[in-house]
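# Structural overview for review
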Amino acid sequence: MGQCYAKNVTVVGENEEVIENNGGGSYNQNQTSNNGVRNTPNRSSSTSPWPSPYPTGTNNSPLPGGVTPSPARSGKSTPRRFFGKFPPPSPAKHIRAALRKRTSKPKEGPIPEEGSEGGGGGERQLDKSFGYRKDFMSKYELGKEVGRGHFGHTCSAKAKKGELKGHEVAVKIISKAKMTTAISIEDVRREVKILKGLAGHRNMVKFHDACEDANNVYIIMELCEGGELLDRILSRGGRYPEHDAKTIIVQILGVVAFCHLQGVVHRDLKPENFLFTTRDEDSPLKIIDFGLSDFIRPDERLNDIVGSAYYVAPEVLHRSYSLEADIWSIGVITYILLCGSRPFWARTESGIFRAVLRADPNFEDLPWPVVSPEAKDFVKRFLNKDHRKRMTAAQALTHPWLRDEHRPVPLDILIYKLVKSYLRATPFKRAALKALSRALTEDELVYLRAQFKLLEPNRDGKVGLENFKMALVRYSTDAMKESRVPDILSALEALAYRKMDFEEFCAASISTYQLEALDGWEHIASTAFEFFEHEGNKVISVEELAREMNLGLSSHTILNDWIRPADGKLSFLGYTKFLHGVTIRSSVTRHQ
Ligand SMILES: Nc1ncnc2c1ncn2[C@@H]1O[C@H](COP(=O)(O)OP(=O)(O)OP(=O)(O)O)[C@@H](O)[C@H]1O
Ligand SMILES: [Ca+2]
Ligand SMILES: [Ca+2]
């Protein structure tokens, strides 16, 4: 087949990686082991799936051993720092080692060694028929290769008949020979289901058809001729001017917000998985490669470690994550676009994971001093290690860095989740939240107003169950049904009888965790406390407070400090802790 393209990385010196075009085949490994621990490393050279990025040995290591800071952190920023891509060796082994080191006993039980029984099943029993059309060869004429991944490759093709007759398309050809486990077969089935289910968004690659024969599965989609986002970043010397970065990020957020509302988590967001439709500078961007994606219910947490090392979120490594993991990856992409370096970087995969878990990205070295404060704030609010503190994709579109009154804001499933827990909260907790919502700044209100408007309030300015239902139905796709997102409506039943005005909606739809991450949190909290003092702070006993917070007897001594001896009401400290809702145990163990 035709030409393929990939890059090799040559390490020149400390923190400096130069990427060369060597024309070798790109290699995206999508490794599925029997235990479901999967990993797509970045590409490597054509010779080996896991080459050393340091051709002259470990002496060339750009970083000392141990915990690895982001490259710029080492204080030796280089004027020509390029963003390189290379896979560190042996992913799963390092994931296991890192997990073992961190927790003496793994959270989800022991992770079986590769090749052991479980999850995959023997190849002999594998059913590799997908029920797709069998007439691929008679319908399409294959052209040259346009890209390559672990399971197969992507080619251009021309439709010979049907609606698409005469049109160029892209065909991702997935070899059945490489489907060696039940999990890998299920992954392909799910990839097609998700592509099909999510059809319609302007930044989704358009799905046309799926076919199969004895050897392959063929996913027929729109041909994106503008190449990968990664290549465009590289061709611009590693970074984007802020204005252009915004155009990219807005498109990424728009489509990711759409996926998230549908209950689909992508799990492999990286610049290789975004393609431009044309070679034009202002070409639209399309998200591709749902090979690691999954459906997720609003209250569900996933635990399989998948993704690409540089982009993986800390909670994925902790094996308990949800949609926010994608947001972290977009944070990494934004960081790269703005400064040309990766925020978490090391020579080995375990080093990258250590950095992801512990290191703070560098925002001091060039070009950060000349990057706008809004852009910096934006990235920081994505790269928060605490997933609860991250913005959602829909929220991010109303962040001051990206705000545009003329751009519609997508409906945010987070609102549904927060309203659900508000409806279950005690009156005392609701009073505390109401006081907090009254202290919000205009910036936070922009998002809440947009979300309220999407619920199309009734004439009396209130929203009820019907509004929440209609808003979901309006955006519903087959994917949303599959991920059972609408199930969340049953938790909002109370709103069938009791409607909410905008003020109560605000109290119900704020996340204390997210607000805590703001620079202005102290001010918001103290203002909120004043409101609470006037309107909601009642005398509360330690026993009552413990009940409110679902805490046991052992916490009583700590709670004593949260109640003012003078009048028996919550102190400022008590108020903020109460809002937070942390259990005493988690606040003690968090730093271990
Ligand atoms: N619709 C498309 N139009 C043009 N090129 C495409 C299209 N889809 C995929 N490609 C090219 O093929 C490459 C591989 O596709 P994709 O990422 O879907 O494969 P994969 O086997 O899942 O790879 P990975 O190893 O990253 O998991 C892409 O990086 C891209 O360069
Ligand atoms: Ca890919
Ligand atoms: Ca893939």
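Every residue gets a number counted from 1 within its own chain, in the order that chain's sequence is written. Whichever chain is written first is A, and whichever ligand is written first is 1; the rest continue in order. Only residues with pLDDT of at least 70 are given local features in this predicted model, and only at 80 or more are side-chain atom pairs given and counted; all residues enter the totals for whole chains, interfaces and linings. Neither water nor hydrogens contribute to the side-chain values; these are computed over all heavy atoms in the structure.

## Remarks on the layout of surface pockets
Inclusion rule: Buried and open spaces are told apart on a 1 Å grid over the protein atoms alone, a cavity being a set of points where a 1.4 Å probe fits but cannot get out and a pocket being an open set with protein on both sides within 12 Å along at least five of seven lines. Residues with an atom within 4 Å of a point are the lining residues. Grid points are joined across faces, edges and corners, and a volume is the space filled by probe spheres set on the points. Helix and strand definitions follow DSSP, with helices as H or I runs of at least four residues and strands as E runs of at least two, each counted in order from the N terminus. Classification used: nonpolar for Ala, Val, Leu, Ile, Met, Phe, Trp, Tyr, Cys and Pro, charged for Asp, Glu, Lys and Arg, polar for all others including Gly.
Space inside the largest pocket adds up to approximately 1500 Å³. Lining of the largest pocket is provided by 47 residues; of these, Arg 388, Lys 417, Leu 418, Ser 421 and Tyr 513 occupy positions nearest its centre. Elements with a contribution of two residues or more to the lining of the largest pocket: helix 5 (242-261), helix 7 (324-339), helix 10 (393-396), helix 11 (413-424), helix 12 (427-438), helix 17 (512-516) and helix 21 (572-580). Considering each element in turn, the lining of the largest pocket owes the most residues, 8 residues, to helix 11. Looking at side-chain class alone, the lining of the largest pocket contains 23 nonpolar, 12 polar and 12 charged residues.

## Remarks on the domain arrangement of the chain
Counted only if it meets this: A domain assignment, automatic or from a database, supplies the domain bounds used here. Note on contacts: a residue pair is in contact if any heavy atoms of the two residues lie within 4.5 Å. Summed over both partners, the accessible area (1.4 Å probe) lost when two parts come together is defined as the buried area. A side-chain nitrogen of Lys or Arg and a carboxyl oxygen of Asp or Glu constitute a salt bridge if their distance falls within 4 Å. Between N or O atoms, a polar contact is any pair within 3.5 Å; within protein, one atom must be a potential hydrogen donor and the other a potential acceptor, and residues adjacent in sequence are included only when both atoms are from side chains.
If you check the domain split of the chain, you get domain 1 (136-222), domain 2 (227-398), domain 3 (413-529) and domain 4 (538-591). Of note, the centres of domain 3 and domain 4, computed from C-alpha atoms alone, are 25 Å apart. In this complex, domain 3 contributes 15 residues to the contact, which on the side of domain 4 involves 13 residues. Between domain 3 and domain 4, a total of about 1300 Å² is buried, with carbon and sulfur atoms accounting for 73% of that surface. Between the two partners, domain 3 and domain 4, sit 0 salt bridges. Across the contact surface, domain 3 and domain 4 share 6 residue pairs in polar contact (both at pLDDT 80 or more). Mapped by element, the contributors of at least two residues to the side of domain 3 that touches domain 4 are helix 12, helix 17 and helix 18 (521-535). For the side of domain 3 that touches domain 4, the element with the most residues is helix 12, which contributes 6 residues. Along the lines of polarity and charge, the residues of the side of domain 3 that touches domain 4 split into 10 nonpolar, 3 polar and 2 charged.

## Description of the coordination of the calcium ion (ligand 3)
Our working rule: Donor atoms are limited to N, O and S found within 2.8 Å of the metal ion, a distance that becomes 3.2 Å for Na, K and Ca. With water left out, some sites might look partial.
Taken together, the protein donors to the calcium ion (ligand 3) comprise Asp 289 (OD) and Asp 289 (OD), at separations of 2.3 to 2.4 Å. For the pair the calcium ion (ligand 3) and the calcium ion (ligand 2), the metal-to-metal distance amounts to 4.2 Å, and Asp 289 bridges them.

## Here we look at the packing of aromatic side chains
Our working rule: Pairs were defined over the aromatic rings of Phe, Tyr and Trp, the Trp ring being its six-membered one, requiring ring centres within 6.5 Å. Orientation was assigned from the angle between planes: stacked under 30 degrees, edge-to-face over 60, tilted for the rest. Here, a charge over a ring is recorded when the distance from Lys NZ or Arg CZ to the ring centre is within 6 Å and its angle to the ring normal is within 35 degrees.
Enumeration over the complete set of coordinates arrives at 18 aromatic pairs. Grouping aromatic residues by their ring pairs yields a cluster made of Phe 428, Phe 529, Phe 532, Phe 572, Tyr 575 and Phe 578. Taking the ring centre of Phe 363 as reference, the NZ or CZ of Lys 380 above it sits at 4.9 Å. Above the ring of Phe 428, the side-chain terminus of Lys 538 is found at 4.9 Å from the ring centroid.

## Overview of empty space enclosed by the protein
Rolled over the atoms, a probe sized like a water molecule indicates the empty space that remains. Under the definition given, this model contains 5 cavities of 30 Å³ or more. Put simply, the largest cavity is a space of about 100 Å³. Lining the largest cavity are 14 residues, and of these Arg 267, Val 306, Tyr 311, Val 312 and Ser 329 lie nearest its centre. Among the elements that make up the lining of the largest cavity, the one with the highest residue count is helix 7 (3 residues). Split into classes, the residues belonging to the lining of the largest cavity amount to 8 nonpolar, 3 polar and 3 charged.

## A few points about the UniProt feature "binding site: ATP" (unreviewed entry) in the chain
Our working definition: UniProt positions are given in the numbering used here, feature names are shortened, and annotations may be inferred rather than shown by experiment. Three labels apply to residues, based on accessible area from a 1.4 Å probe with only protein chains included: buried if under 20% of the type maximum, exposed if over 50%, partly exposed otherwise in between.
Listed under "binding site: ATP" (unreviewed entry) in the UniProt record, and renumbered for this structure, are Lys 172. Secondary-structure assignment places Lys 172 in strand 7 (residues 168-175). Of the residues examined, Lys 172 reaches a relative accessible area of 18% and is grouped as buried. For Lys 172, the contacting residues outside a window of four places in its chain are His 153, Thr 154, Glu 191, Val 217, Tyr 218, Ile 219, Met 221 and Asp 289.

## What to know about the pattern of salt bridges
In this structure the tally under the stated criterion is 34 salt bridges. A salt bridge links Arg 390 to Glu 315, with the shortest nitrogen-to-oxygen separation between them at 2.7 Å. Remark: Glu 315 occurs in helix 6 (residues 314-317) and Arg 390 occurs in the loop between helix 9 (373-382) and helix 10; sequence separation between them is 75 residues. Assigned by exposure class, Arg 390 and Glu 315 land together as buried.

## Description of the state of the cysteines
Among covalent bonds in proteins, the disulfide is the one between the sulfur atoms of two cysteines. To keep things clear, this is the line we draw: Note that a disulfide, as used here, is simply two cysteine sulfur atoms within 2.5 Å.
Scanning all chains against the criterion turns up 0 disulfides. Summary of cysteine pairing: Cys 211 is not part of a disulfide, and the nearest cysteine sulfur, belonging to Cys 155, is at 14 Å. In this model Cys 259 remains outside any disulfide bridge; the closest cysteine sulfur is found in Cys 224, 14 Å from its own. The exposure class assigned to Cys 259 is buried, which follows from its relative accessible area of 2%.

## Overview of the sheet that holds strand 8 (residues 207-212)
Heads up, the rule is: Between any two strands, pairing holds if DSSP finds at least two bridges. Angles shown run from 0 to 180 degrees and are taken between the N-to-C directions of axes, each axis being a line fitted to C-alpha atoms and, for helices, limited to the stretch in contact.
On the basis of which strands lie adjacent, the open sheet formed by 5 strands has the order 5-6-7-9-8 and antiparallel pairing. Two strands in the sheet have a free side with no partner beyond their single neighbour: strand 5 (140-148) and strand 8. Adjacent strand axes in the sheet meet at a mean angle of 25°, parallel and antiparallel pairs treated alike. Bridge count between strand 5 and strand 6 (residues 152-159): 6 bridges; the pairing is antiparallel. Looking across to strand 6, one finds that Tyr 140 is bridged to Ala 159.

## Considering the environment of Ile 194
Tracing the backbone through its elements, the reader meets Ile 194 in helix 3 (residues 182-197). Ile 194 has contacts with Val 264, Phe 290, Ser 293, Asp 294 and Phe 295, leaving out every residue within four places of it along the chain.

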